[in-house]
Amino acid sequence: MSHDPIATEKGGRHHIDAFLEMLSAERGAARNTLDAYARDLKDFATFLAARNLGVAEARTLDVRDYLEGLSAQGLSASTAARRLSAIRQFHGFLYADGIRPDDPCGAIEGPRRARPLPKTLTVDEVDALLRAARLAEDGRSHEEAVRAYKRARLVCLMEVLYATGLRVSELVGLPLSAAKGDSRFLSVSGKGGRERLVPLSEAARLAIDEYLPLRVARLGDSVSPWLFPSRGRQGHLTRHRFAQLLKDLAIAAKLDPNRVSPHTLRHAFASHLLANGADLRAVQQMLGHADISTTQIYTHVLDGRLKQLVEEHHPLAKKEAGS
């Protein structure tokens, strides 16, 4: 007998599966996104099962009570907002497919949450990480060829990440073909399968050129379609493994490892570009943001520079100074 409260017909597992299939087929949702939706909906379904309701039978009152329960558990507003988003999209799907005649989320407001500024690193801190990568050695191996390969791979990962601002999943999942075209650009398949070209810095191009021959020598006759291959199930370096390597680099660079992650380097890429005068639309395109409002959060780094520009060049500011 099943102990899963949503495994039954009443529980609505088939509705959730159909919703996830739609997200994958029609919106190109990534595996990580689908897994997150599945977890959130399963949690909501378990809550409803305690009320003897299937996941497709939720009422507005049930959704509100669920959200209040999340708050009582001490979960953050951002977590509650994410779960409400999953529930809202799920019921929008049920309504659009005629599975139920109404949407219980229509009158529900999401929890208010302050949008945090992105954590980032200074230029000097990024330079320290890059220097540490060039000096890195893997203490578990005594073969110089293996150490040279892993060092070149790490330098390549770091230089490409800081030069492009890729999401970590995009970085570790780069196909080998992405580095075989125009050396000035990298071809990236981002969220929703959207393709984009991102420019490469001279340092990133050199790192790729130094890494590729060692990659070939390391693999021998075996063939891998990935730029950063691995023997693991995915066939390429995992996000988790790269995050571990980055923590080790932070320690070697004498930085707080809790402040360093693949995402902070993506933030650093965007913040440093904007601080040096890059166009917001160009940064949006390089980051692969569908909406420019997502990119605008990085403009906090410009506050001081913009204030100085206004004080020095705005006509009204000049009049006030001269009065």
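Relevant structure appears above.
It should be emphasised that the depicted structure is a prediction, and the values quoted were computed from it without experimental measurement.

## Let's talk about the overall build of the protein chain
Argument step 1. Per the secondary structure count, the protein chain includes 14 helices and two strands.
Argument step 2. Counting across all 323 residues of the protein chain, residues that qualify as buried make up 40%.
Argument step 3. Taking contacts inside the protein chain between residues at least 6 apart in sequence as the whole, the part at least 24 apart equals 57%.

## Topic: the environment of Val216
Argument step 1. Checked against the element boundaries, Val216 lands in helix H8 (residues 202–219).
Argument step 2. In this structure, the C-alpha to C-alpha distance between Val216 and Tyr149, residues 67 residues apart in sequence, is 9.8 Å.

## Brief notes about the packing of aromatic side chains
Argument step 1. The final tally for this structure, using the stated rule, is eight aromatic pairs.
Argument step 2. Seen from their ring centres, Phe44 and Tyr66 are 5.0 Å apart, and the 65° between their planes marks the pair as edge-to-face. With Phe44 in helix H2 (residues 31–49) and Tyr66 in helix H3 (residues 60–72), this residue pair connects regions lying 22 residues apart in the sequence.
Argument step 3. Its relative accessible area of 0% is what places Phe44 among the buried residues.
Argument step 4. Classification of Tyr66 as buried rests on a relative accessible area of 3%.
Argument step 5. Every member of this aromatic cluster is reached through a ring pair, and the members are Phe19, Tyr37, Phe90 and Phe93.

## Examining the side chain of Glu159
Argument step 1. Mapped onto the secondary structure, Glu159 falls in helix H6 (residues 144–164).
Argument step 2. Residue class for Glu159 comes out buried when judged on its relative accessible area of 6%.
Argument step 3. Among all residues touching Glu159, those that are not within four sequence positions of it are Leu130, Arg134, Ala203, Ala204 and Ala207.

## Observations regarding the pairing of strand S1 (residues 185–189)
Argument step 1. Going residue by residue along S1, you find Leu186 and Val188 tucked away on one face and Phe185, Ser187 and Ser189 left uncovered on the opposite face.
Argument step 2. Pairing of S1 with strand S2 (residues 195–199), which is carried by five bridges, proceeds in the antiparallel orientation. Its bridge partner being in S2, Val188 is matched across the sheet by Arg196.

## With respect to the packing of H6 against H8
Argument step 1. The N-to-C vectors of H6 and H8 enclose an angle of 145°; their axes lie 8 Å apart at closest approach. Crossing handedness for the pair H6 and H8: left-handed. On the side of H6, the interface is formed by Val146, Ala148, Tyr149, Ala152, Arg153, Val155, Cys156, Glu159, Val160 and Ala163, while H8 contributes Ala203, Ala204, Ala207, Ile208, Tyr211, Leu214, Arg215 and Arg218.
Argument step 2. Of the residues contributing to the contact of H6 with H8, the split by class is 14 nonpolar, no polar and four charged.

## Thoughts on the pattern of salt bridges
Argument step 1. Counting across every chain of the model gives 13 salt bridges.
Argument step 2. Residues Asp62 and Arg59 are paired through a salt bridge, measuring 2.8 Å at the closest nitrogen-oxygen approach.
Argument step 3. Residue Asp62 is classed as buried on the basis of its relative accessible area of 0%.
Argument step 4. For Arg59, a relative accessible area of 43% corresponds to the partly exposed category.
Argument step 5. For the salt bridge of Asp102 with Arg100, the shortest nitrogen-to-oxygen distance reads 3.0 Å.
Argument step 6. Look at Arg100 and you get buried, because its relative accessible area is 11%.
Argument step 7. A single salt-bridge network, built from bridges that share partners, covers Asp40, Asp43, Arg82 and Arg83.

Cut-offs and rules
Residues numbered from 1 in each chain as written. Predicted model: local features only at pLDDT ≥ 70, side-chain atom pairs only at ≥ 80, totals over all residues. Heavy atoms only, no water. Helix = DSSP H or I, 4+ residues; strand = E, 2+ residues; numbered from the N terminus. Buried < 20%, exposed > 50% of the residue type's maximum accessible area, 1.4 Å probe, protein only. Contact = heavy atoms within 4.5 Å. Phe/Tyr/Trp six-rings, centres within 6.5 Å; stacked < 30°, edge-to-face > 60°. Pairing = 2+ DSSP bridges. Axes fitted to C-alpha atoms, helices over the stretch in contact; angles between N-to-C directions. Left-handed = near helix turned anticlockwise from the far one by under 90°. Nonpolar A, V, L, I, M, F, W, Y, C, P; charged D, E, K, R; others polar. Salt bridge = Lys/Arg side-chain N within 4 Å of Asp/Glu carboxyl O.

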